[in-house]
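Coordinate inspection notes
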Amino acid sequence: SQTIHQWPATLVQPVGSPLSLECTVEGTSNPNLYWYRQAAGRGLQLLFYSVGIGQISSEVPQNLSASRPQDRQFILSSKKLLLSDSGFYLCAWSQQGESLHFGNGTRLTVT
Amino acid sequence: GESVGLHLPTLSVQEGDNSIINCAYSNSASDYFIWYKQESGKGPQFIIDIRSNMDKRQGQRVTVLLNKTVKHLSLQIAATQPGDSAVYFCAEAGGSYIPTFGRGTSLIVHP
């Protein structure tokens, strides 16, 4: 069966520090991969998606970047965090035309 | 871009009652619709989906209805249980199958 792993579950970082959130998927090949951000009490905002290794599409201009160094690995990064980067970050995978499967998220607090 | 919205942000029901969560969508090109359940501190979990060539689909205790004429989607939960308490999101997708999520409805089930 397919599984998705996100870590860490929670993270507290000072303003100006770098960020690296990692997501890996097991049990499937060539998945579409996604990073979403969810503000408290709000819906999910798509940040990045990838249809293959090295292929990243950005949905909103921001302080974050994404990379896909391997087929089932998706990384969300920032060189310098802002207070506004605080939120709940969710990684997801899908096969084309199918529903998304989410990880359990990372709660990021920038102080 | 076009948006997906929910009519009610909070729905309170008694245990054993049936619940109906509604969703309006505005992108007439959307042909795939998904309902997700999100429990506190976790990622959204797939409940049920429906494609535009159908107007009803049933799962275990859940039914999704699609009315393409008025661009309306609903999720019906039969015999609602306390474990059904969560935030429910509808999502729509078109040719790219990258879903757009609504704001979410909080379902509260009273024992």
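Residues numbered from 1 in each chain as written. Chains lettered and ligands numbered in written order. Predicted model: local features only at pLDDT ≥ 70, side-chain atom pairs only at ≥ 80, totals over all residues. Heavy atoms only, no water.

Describing the state of the cysteines
Considering all chains together, one arrives at two disulfides over all chains under this definition. Note that C23(A) is cross-linked by a disulfide to C91(A), the S-S spacing being 2.0 Å. Between C23(A) and C91(A), the S-S torsion sits near -80°, and that sign places the bridge as left-handed. In this pair, C23(A) sits in strand β3 (residues 19-26) while C91(A) sits in strand β9 (residues 87-94), placing the two residues 68 residues apart along the sequence. You'll find C23(A) and C91(A) in the same group, each marked buried. Put simply, C23(B) and C90(B) are joined by a disulfide, and their sulfur atoms are 1.8 Å apart. (Disulfide = S-S within 2.5 Å. Helix = DSSP H or I, 4+ residues; strand = E, 2+ residues; numbered from the N terminus. Buried < 20%, exposed > 50% of the residue type's maximum accessible area, 1.4 Å probe, protein only.)

Quick word on the nonpolar core
Residue and element names in this part refer to chain B. Of all hydrophobic cores here, the largest spans 20 residues; its most connected members are W35, L73, L75, Y88 and L107. Looking at this core, the elements that each hand over two or more residues are β2 (10-14), β3 (19-25), β4 (32-38), β5 (45-51), β7 (62-67), β8 (72-77), β9 (86-93) and β11 (105-110). With residues near it in sequence (within four places) discarded, L73 still touches I21, N22, C23, F33, W35, I50, V64, L65, L66 and C90. (Core = buried A, V, L, I, M, F, W, Y, C linked by side-chain atoms within 4.5 Å. Contact = heavy atoms within 4.5 Å.)

Details of the pattern of salt bridges
Under the definition given, this model contains seven salt bridges over all chains. Where D71(A) meets R68(A), a salt bridge forms, and the shortest distance between an N and an O atom there is 3.2 Å. Here the residues in one salt-bridge network are K37(B), E39(B) and K42(B), joined through shared partners. (Salt bridge = Lys/Arg side-chain N within 4 Å of Asp/Glu carboxyl O.)

Focus on the packing of aromatic side chains
Under the counting rule described, the total for this entry stands at nine aromatic pairs over all chains. Aromatic pair Y36(A) and F102(A): ring centres 5.7 Å apart, planes at 55°, arrangement tilted. Of the two residues, Y36(A) sits in strand β4 (residues 32-38) while F102(A) sits in strand β10 (residues 101-102), which places them 66 residues apart along the sequence. With a centroid separation of 6.4 Å and 80° between ring planes, the pair formed by Y36(B) and F46(B) is classed as edge-to-face. With a gap of ten residues between them, Y36(B) in strand β4 and F46(B) in strand β5 connect regions that are remote in the sequence. Ring-pair connections join several aromatic residues into one group, and the members of that group are Y34(A), Y36(A), F102(A), Y36(B), F46(B) and F101(B). (Phe/Tyr/Trp six-rings, centres within 6.5 Å; stacked < 30°, edge-to-face > 60°.)

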